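Commentary on secondary and tertiary structure
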Amino acid sequence: TSVHRPPQQGWRDTGMARPIRNATMARSPRRLSGTVLGFLLLTLAACAPAPSFSIAQVDSGYRPVLEALQTTLSARIPDLNWSPTEPAGSFRDGRKCWVTILAHGYAPELVHWDDELRNSINATITQYGFAGQSRYSGETGGWVVMSSHDDAGVELEVATKAEIQLAIKARGDKDACS
């Protein structure tokens, strides 16, 4: 048996199990338009092009990240030797231009990843605005790869095997690949 209760003040009885609030009905078009507008703004913001950088901007702005990572990794991995960090350069991938900085380190044996190494890397890169280990692809062909992005969309990748490759990759501006 169901008990029929009279609708509360401000509610309209629709004859269905749940009455509809009159004020809600009056505000629905306003709420809907506000919701749609908010959704469109978020969509447009998400589709905004990533910032682009000159070779000089990447070199001066992101080289300190690589240097800090070299220091961190050298402290954690005995006998790690670094070749001089290459100057920033650019390359074209289809229609996209990328600016990169690379650093190479060499260890006498395979580098083994553990939680302490990951934590050390994360502690270093978060100081420079990168998210802590946002993507870890595990082992691929003997390589262990970890990558992260900062708010500007710049990618940082750490790849290890018997050598360590550190790479910064940013979208290049119109002059970087010309």
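Residues numbered from 1 in each chain as written. Predicted model: local features only at pLDDT ≥ 70, side-chain atom pairs only at ≥ 80, totals over all residues. Heavy atoms only, no water.

1. Topic: the pattern of salt bridges
The full count for this structure, using the stated rule, is four salt bridges. Residue arginine 63 pairs with aspartate 59 through a salt bridge whose shortest N-O separation is 2.4 Å. Here arginine 63 pairs with aspartate 59, and both are found in helix H2 (residues 55-76), just four residues apart, close to one helical turn. Using a relative accessible area of 16% as the deciding quantity, one classes arginine 63 as buried. When the shortest N-O distance is used, the salt bridge between aspartate 175 and lysine 174 registers 3.9 Å. Residue classification places lysine 174 among the exposed positions, given a relative accessible area of 71%. (Salt bridge = Lys/Arg side-chain N within 4 Å of Asp/Glu carboxyl O. Helix = DSSP H or I, 4+ residues; strand = E, 2+ residues; numbered from the N terminus. Buried < 20%, exposed > 50% of the residue type's maximum accessible area, 1.4 Å probe, protein only.)

2. Looking at the state of the cysteines
As enumerated under the stated definition, the model contains one disulfide in all. Between cysteine 97 and cysteine 177 runs a disulfide, and the two sulfur atoms are separated by 2.0 Å. Of note, the bridge from cysteine 97 to cysteine 177 carries an S-S torsion of about 85° and is right-handed in sense. Highlighted residues: cysteine 97 in strand E5 (residues 96-106) and cysteine 177 in the segment after strand E9 (163-171), separated in sequence by 80 residues. (Disulfide = S-S within 2.5 Å.)

3. With respect to the nonpolar core
Judged by nonpolar contacts, the single largest core of 31 residues is most densely connected at Tyr62, Ile121 and Ile168. Broken down by secondary-structure element, the contributors of at least two residues to this core are H2, E5, helix H3 (115-126), strand E7 (143-149), strand E8 (155-160) and E9. Leave out the neighbours within four places in its chain, and isoleucine 121 touches Leu69, Thr72, Leu73, Trp113, Met146 and Val158. (Core = buried A, V, L, I, M, F, W, Y, C linked by side-chain atoms within 4.5 Å. Contact = heavy atoms within 4.5 Å.)

4. Some details on the side chain of threonine 100
Summarising the element assignment, threonine 100 is placed in strand E5. Note on threonine 100: relative accessible area 16%, which makes it buried. Once residues lying within four places of it in the same chain are set aside, the contact partners of threonine 100 are Pro87, Ala88, Gly89, Phe91, Ile168 and Lys169.

5. Quick look at the packing of aromatic side chains
In this structure the tally under the stated criterion is two aromatic pairs. Centroid distance phenylalanine 53 to tyrosine 62: 6.2 Å. Interplanar angle 90°. Geometry classified as edge-to-face. Accessibility expressed as a relative area gives 10% for tyrosine 62, which makes it buried. Each ring, one from tyrosine 62 and one from phenylalanine 130, has its centre 6.0 Å from the other, and the planes form 70°; the classification is edge-to-face. Separated by 68 residues along the polypeptide, tyrosine 62 in helix H2 and phenylalanine 130 in the loop between H3 and strand E6 (135-140) bring together distant segments of the chain. Counting every residue linked through ring pairs, the aromatic cluster contains Phe53, Tyr62 and Phe130. Over the ring of tryptophan 98 we find lysine 169; its NZ or CZ atom is 4.5 Å from the centre of that ring. (Phe/Tyr/Trp six-rings, centres within 6.5 Å; stacked < 30°, edge-to-face > 60°. Lys NZ or Arg CZ within 6 Å of the ring centre and 35° of its normal.)

6. Let's talk about the pairing of E8
For E8, the buried fraction is high: five of the six residues fall into the buried class. Across six bridges, the pairing between E7 and E8 is antiparallel. The partner of valine 144 across the bridge, within E8, is threonine 160. Between the antiparallel neighbours E7 and E8 lie five residues, among them glycine 153 with a positive phi of about 85°. Where E8 meets E9, six bridges bridge the pair, whose relative direction is antiparallel. Residue leucine 156 lies in a different strand from E9, and its bridge partner there is isoleucine 168. Connecting E8 to the next strand, E9, in antiparallel fashion are two residues. (Pairing = 2+ DSSP bridges.)

What is shown is where atoms sit, not what they do.
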